[in-house]
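# Secondary and tertiary structure notes
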Amino acid sequence: MIAKSLLVGFVALCALGVASSQLIQAIVSLKGDNPYIVGNITLSQSDNGPVAIWGKITGLRTGKHGFHIHEKGDITGGCGSTGSHYNPHKKPHGALTDADRHIGDLGNINASPDGVALVSITDSVISLRGPHSILGRSIVVHADADDLGKGGFQDSLTTGHAGGRLACGVIGILTPLESWPTESSAVSLSSGAITLLITVIMQRLLH
Ligand SMILES: *[C@@H]1O[C@H](CO)[C@@H](O)[C@H](O)[C@H]1NC(C)=O
Ligand SMILES: [Cu+2]
Ligand SMILES: [Zn+2]
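Report on the accompanying structure. (Residues numbered from 1 in each chain as written. Chains lettered and ligands numbered in written order. Predicted model: local features only at pLDDT ≥ 70, side-chain atom pairs only at ≥ 80, totals over all residues. Heavy atoms only, no water.)

## Quick look at the overall build of the chain
Operational definition: For the purposes of this entry, the term helix denotes a DSSP run of H or I that reaches at least four residues, the term strand denotes a run of E that reaches at least two, and both are numbered from the N terminus. Think of it in three bands: residues with accessible area under 20% of the maximum for their type are buried, residues over 50% are exposed, and the middle band is partly exposed, with areas taken using a 1.4 Å probe on protein chains only. We get accessible surface area from the Shrake-Rupley algorithm with a probe of 1.4 Å; when it comes to residues, only the shown protein chains can shield them.
The helix and strand inventory of the chain stands at 2 helices and 10 strands. Across the chain, helices and strands are ordered from the amino to the carboxyl terminus as α-β-β-β-β-β-β-β-β-β-β-α. Here the chain holds 207 residues, and the buried ones make up 39% of them. For the chain, the accessible area works out to roughly 10900 Å², and carbon and sulfur atoms hold 62% of it.

## Re the packing of aromatic side chains
Worth spelling out the cut-off: Aromatic rings from Phe, Tyr and Trp, with only the six-membered ring used for Trp, were paired whenever their centres fell within 6.5 Å, and each pair was classed as stacked if the ring planes differed by under 30 degrees, edge-to-face if by over 60, and tilted otherwise. Throughout this description, the term charge over a ring refers to an Arg CZ or Lys NZ atom that lies within 6 Å of the ring centre and within 35 degrees of the ring normal.
Inspection of every chain in the model, using the stated rule, returns 0 aromatic pairs. Between the NZ or CZ atom of arginine 137 and the centre of the ring of tyrosine 86, over which it lies, the distance is 3.9 Å.

## Looking at the state of the cysteines
Inclusion rule: In what follows, a disulfide is any cysteine sulfur pair within 2.5 Å.
Under the defined criterion, the tally for this structure stands at 1 disulfide. At a sulfur-sulfur separation of 2.2 Å, the disulfide partner of cysteine 79 is cysteine 168. Across the S-S bond of cysteine 79 and cysteine 168 the torsion is about -90°, and the bridge reads as left-handed. Separated by 89 residues along the polypeptide, cysteine 79 in strand S5 (residues 76–79) and cysteine 168 in strand S9 (residues 165–170) bring together distant segments of the chain. Cysteine 168 shares its class with cysteine 79; the two are buried.

## Remarks on the coordination of the zinc ion (ligand 3)
Worth spelling out the cut-off: Counted as coordinating are nitrogen, oxygen and sulfur atoms within 2.8 Å of the metal, or 3.2 Å for Na, K and Ca, while water is not included, which may make sites look incomplete. Think of it this way: with four donors and all angles in the 85 to 135 degree range, the site is tetrahedral; with four or six donors, opposite ones beyond 155 degrees and the rest between 65 and 115, it is square planar or octahedral; otherwise it is irregular.
Protein coordination of the zinc ion (ligand 3) is provided by His85 (ND1), His93 (ND1), His102 (ND1) and Asp105 (OD), with donor distances spanning 1.9 to 2.1 Å. Because the angles between the 4 donor atoms bound to the zinc ion (ligand 3) fall within 97 to 121°, the donor set is best described as tetrahedral. Read N to C, the donor residues that coordinate the zinc ion (ligand 3) are spaced as H-x7-H-x8-H-x2-D. Across the pair, histidine 102 and histidine 93 agree in class, each one buried.

## A few points about the coordination of the copper ion (ligand 2)
The reference angle at a metal is 109.5 degrees if four donors form a tetrahedron and 90 or 180 degrees if six donors form an octahedron. For the copper ion (ligand 2), the full set of protein donor atoms is His68 (ND1), His70 (NE2) and His142 (NE2), and the range of their distances to it is 2.0 Å. Each donor residue of the copper ion (ligand 2) belongs to the same chain, and together they define the spacing H-x1-H-x71-H. Residue histidine 70 is found in strand S4 (residues 63–70), and its partner histidine 142 is found in strand S8 (residues 138–142); the two are separated by 72 residues along the sequence. With respect to burial, histidine 70 and histidine 142 carry one shared label: buried.

## Quick word on the site of ligand 1
Defined as follows: Nearness is judged by heavy atoms alone; a residue qualifies as near a molecule or strand once a single heavy atom is within 4 Å of it. For this analysis, a polar contact is any N or O atom pair within 3.5 Å, provided that within protein one partner can donate a hydrogen and the other can accept it, and provided that sequence-adjacent residues contribute only side-chain to side-chain pairs.
In the vicinity of ligand 1, the residues found are Val38, Gly39, Asn40 and Lys56. Asparagine 40 places a side-chain nitrogen or oxygen 2.2 Å from an oxygen atom of ligand 1. When the free accessible area of ligand 1 is taken as 360 Å², the share hidden by the protein chains comes to 36%. No other element matches strand S2 (residues 38–46), which puts 3 residues into the shell around ligand 1.

## Comments concerning the environment of proline 176
When you line up the elements, proline 176 lands in the loop between strand S10 (172–175) and helix H2 (185–206). For the pair proline 176 and glutamine 25, spaced 151 residues apart in the sequence, the C-alpha separation amounts to 7.3 Å.

## Considerations on the environment of alanine 95
The test is simple: Note on contacts: a residue pair is in contact if any heavy atoms of the two residues lie within 4.5 Å.
Tracing the chain through its elements places alanine 95 in the loop between S5 and strand S6 (105–111). Linking alanine 95 and lysine 150, residues 55 residues apart in sequence, is a C-alpha distance of 9.1 Å. Excluding residues that lie within four positions of it along the chain, alanine 95 makes contacts with Arg101, Asp105 and Leu148.

Here you go:
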């Protein structure tokens, strides 16, 4: 009878493991040498789903500006310390929608005539979890448009010829505060369910 109710609990937990999702959010405060160029970016991801990136940057020249994840969260010497585009797979620079791109290639943001860029990007290549998590790295806003690798300049296939670095910020934890999930909650909950199943089997063997 006890074993039966534990089994029901196990099945329920399995179902819960499939159904539940854990939302994680990161925050970036963008700053640079020009005090007028500032912004806030929020990144959000449910389990291993796409990452939503949104926010507002002010003080920009009207038009397109390259927008990337750089490999380091080092801003000790300003945006120049953030290293190259995040590129663990050693791919050429590309557009957000290209199959071959740096993980960090998020394309361009577009500033309106009042210098405000409203950012709204969804991407399935970057992740806030796992071995290639972008947490602790940085976001960089460039002076010029990213040519998405197609400009034919010497640096088109490395940086998109996007020019100087106007503003940057470290990708930091916003929520959850308790512990940062490194895998999706569906996986971690089913491993919890496996632990429970082992407990049930042990109890049956012992009684
Ligand atoms: C960024 O967030 C801070 C804190 O909420 C706010 O004071 C500031 O105005 C924001 N900056 C922009 C450009 O939205
Ligand atoms: Cu960049
Ligand atoms: Zn790149």
